[in-house]
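Tertiary structure, described
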Amino acid sequence: NSQIGGRRNMVINGAMQVAQRTTSYTNIGNNDSGYRTVDRFRIGFGGSTAGRLTMTQESITDLSGFANAIKFACTTADTSIASNEFGTLSTRFEGQDLQQLKKGTSDAEAVTVSFYVKGNANATYALELYDAVGGRHASQLFNVTSSWNRVSLTFNGDTTDTLADSNALALELNIWFHAGSNYTSGTISADFASADNTRRAAGISSFFDSTDRTFFITGIQMEVGSKATPFEHRSFGEELNLCHRYYQQFAYDTHGFNVANGGANSASQSTHIYTYYGGEMRAAPSVSTPSVSNGYRFLGPDQDNSHSTIPNIDNAGKASIQFGNNQNTITKGHPFRLLLAQSGAMIKFDAEL
């Protein structure tokens, strides 16, 4: 049970330590999809799912070696499931991080996924490995009880369809917790095969069968081979840096936040270059700035030409971004700072898969 050689776990943030966005998100359901709380774990819904859940980064004390988990709590039940409904929890992988699987070759390696789960009562869900390019997939069922249990699922190597050695989405690890007949009417298979939606979640129960339903998961590990080894713990700092490749954000605190320095290159334009504090991102990120009254402030020397405006986003790249502002009240040649000046002001950089 001791820690063995490192760098076995291909999952980032598998112990659910990092939650940059928020620690709790309510009313998730219907077509609501995306990264909501714990970094690198994406919620996905399809169809007009009536069920709703709250997703949290939960502090836990009843599982030795782990302090955090993802928790789902059902807030609205859905016992009339349409054929096209589904609900999944996923983590996604770049192809260049999975070359050790040797997928698409005669030497394709088996892969084992392990994790800890519990709920409020017995339930059955499915774990799927899905080739996001070729569409090939394999699924296995697992059981949830009211006590923590470590699940270990081994998938045979897939000798069809290689994974491109790039930063693009190549593989998804999907946990199916709700699905209609479009995804459950076939026969589930633990071996990779061509796309067949009917077998992806065959045999699962629905998380939305009761408002009493809860689901906890942590310690997710995916490794080469046919055995589950002890979970590979990494430091919080290392997990945070790995998460920064996909998402970073600046938020106002009680002392404000100096984002970038720059200068006025004309009487109506200033430019500010910012290098991502968490390091280079996976790809040029999408950038968003929530609207907050007087939340973003450009400040000149001795506070001259100071004004509030949401910054322009220019030339976003993997390593840096250029902010700008267009005002007729600035002085050419003067330096300027870009500040977050009010609670709620935030700049989000998103390069998720």
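Nothing here was measured: the structure is a model prediction, and the numbers come from that model. (Residues numbered from 1 in each chain as written. Predicted model: local features only at pLDDT ≥ 70, side-chain atom pairs only at ≥ 80, totals over all residues. Heavy atoms only, no water.)

1. Quick notes on the sheet that holds strand β3 (residues 42-46)
Hydrogen bonds along the backbone pair up the strands of a sheet, which may run parallel or antiparallel. We count it as follows: In this scheme, strands are said to pair when DSSP sees at least two bridges between them. Elements are defined by DSSP. Helices are runs of H or I of four residues or more, strands are runs of E of two residues or more, and each kind is numbered from the N terminus.
Here we have six strands laid out as an open sheet, ordered β2-β3-β6-β11-β8-β9, and antiparallel in their pairing. Edge positions in the sheet fall to β2 (34-35) and β9 (137-144), since each has one partner strand and no second.

2. Here we look at the nonpolar core
For clarity, the threshold we go by: The definition of a nonpolar core used throughout is a set of buried Ala, Val, Leu, Ile, Met, Phe, Trp, Tyr and Cys residues joined through side-chain atoms within 4.5 Å. Remark: exposure states derive from per-residue accessible area (1.4 Å probe, protein chains only) relative to the maximum for the residue type, with buried under 20%, exposed over 50%, and partly exposed in between. Contacts between residues were defined by any pair of non-hydrogen atoms, one from each residue, lying within 4.5 Å.
With 44 residues, the main nonpolar core has Phe 72, Phe 115, Leu 127, Phe 142, Phe 177 and Met 222 as its most contacted residues. Residue contacts for Leu 127: discarding those within four places in its chain leaves Val 113, Phe 115, Ala 138, Ser 139, Gln 140, Phe 142, Leu 153, Phe 155, Leu 173, Asn 174 and Ile 175.

3. Overview of the pattern of salt bridges
Threshold: By definition here, a salt bridge exists when the distance from a side-chain nitrogen of Lys or Arg to a carboxyl oxygen of Asp or Glu is within 4 Å.
Across all of its chains, the model carries 19 salt bridges by this definition. Across the pair Glu 238 and Arg 7 runs a salt bridge, and its minimum N-O distance is 2.3 Å. Note that Glu 238 is positioned in helix α2 (residues 236-244) and Arg 7 in the segment before β1 (24-29), a separation of 231 residues in sequence. Its salt-bridge partner being Asp 131, residue Lys 103 comes within 2.9 Å of it at the nearest N-O pair. Taken as a pair, Lys 103 in the loop between β6 (86-94) and β7 (111-119) and Asp 131 in strand β8 (residues 123-131) lie far apart in primary sequence, 28 residues in all. In this pair, the class of Lys 103 matches that of Asp 131, namely buried. Here the salt bridges do not stand alone but share partners, grouping Arg 7, Glu 232, Arg 234, Glu 238 and Glu 239 into one network.

4. Notes on the side chain of Asn 325
When you line up the elements, Asn 325 lands in strand β20 (residues 320-325). Accessibility expressed as a relative area gives 1% for Asn 325, which makes it buried. When neighbours within four sequence positions are excluded, Asn 325 is seen to be in contact with Ser 268, Gln 269, Ser 270, His 272, Phe 298, His 307, Thr 309 and Asn 312.

5. Some details on the pairing of β8
When a strand is regular, its side chains alternate between the sheet's two faces. Among the nine residues of β8, eight are classified as buried, and the element is accordingly described as predominantly covered. Pairing between β8 and β9: eight bridges, direction antiparallel. Within the sheet, the bridge partner assigned to Glu 128 lies in β9 and is Ser 139. A loop of five residues connects β8 with β9, the two strands running antiparallel in sequence, and Gly 135 in this loop sits at a positive phi of about 80 degrees.

6. Side note on unusual backbone geometry
If you check the backbone angles, Asn 294 has positive phi at about 55 degrees while not being a glycine. Inspection of the secondary structure assignment puts Asn 294 in the loop between β16 (286-288) and β17 (296-299). Phi at Asn 315 is positive, roughly 55 degrees, even though this residue is not glycine. Mapped onto the secondary structure, Asn 315 falls in the loop between β19 (312-314) and β20. Among the residues examined, Asn 315 registers a relative accessible area of 60% and is labelled exposed.

7. Considering α2
Cut-off, in case you're wondering: What the arc describes is the spread of directions from the helix axis to the C-beta atoms.
By the burial criterion, the buried members of α2 are Glu 239, Cys 243 and His 244. Along α2, the residues classed as buried sweep out an arc of 140 degrees about the axis, all on the same side. Each element contacted by the buried residues of α2 is listed here: β13 (247-251).

8. Focus on the environment of Ser 152
Relative to the helices and strands, Ser 152 resides in strand β10 (residues 149-155). The sequence separation of Ser 152 and Met 222 amounts to 70 residues, and the corresponding C-alpha distance is 9.8 Å. Apart from residues lying up to four places away in sequence, Ser 152 is in contact with Thr 112, Val 113, Ser 114 and Ala 228.

9. A few points about the sheet that holds strand β14 (residues 257-266)
Spatially, the seven strands line up as an open sheet ordered β18-β17-β21-β14-β15-β20-β19, and their pairing is antiparallel. Every other strand in the sheet has two partners, leaving β18 (307-308) and β19 as the edge strands with one partner each. Pairing of strand β15 (residues 269-275) with β20 involves six bridges; the strand directions are antiparallel. Looking at the pairing, Tyr 274 lines up with Ile 321 of β20.

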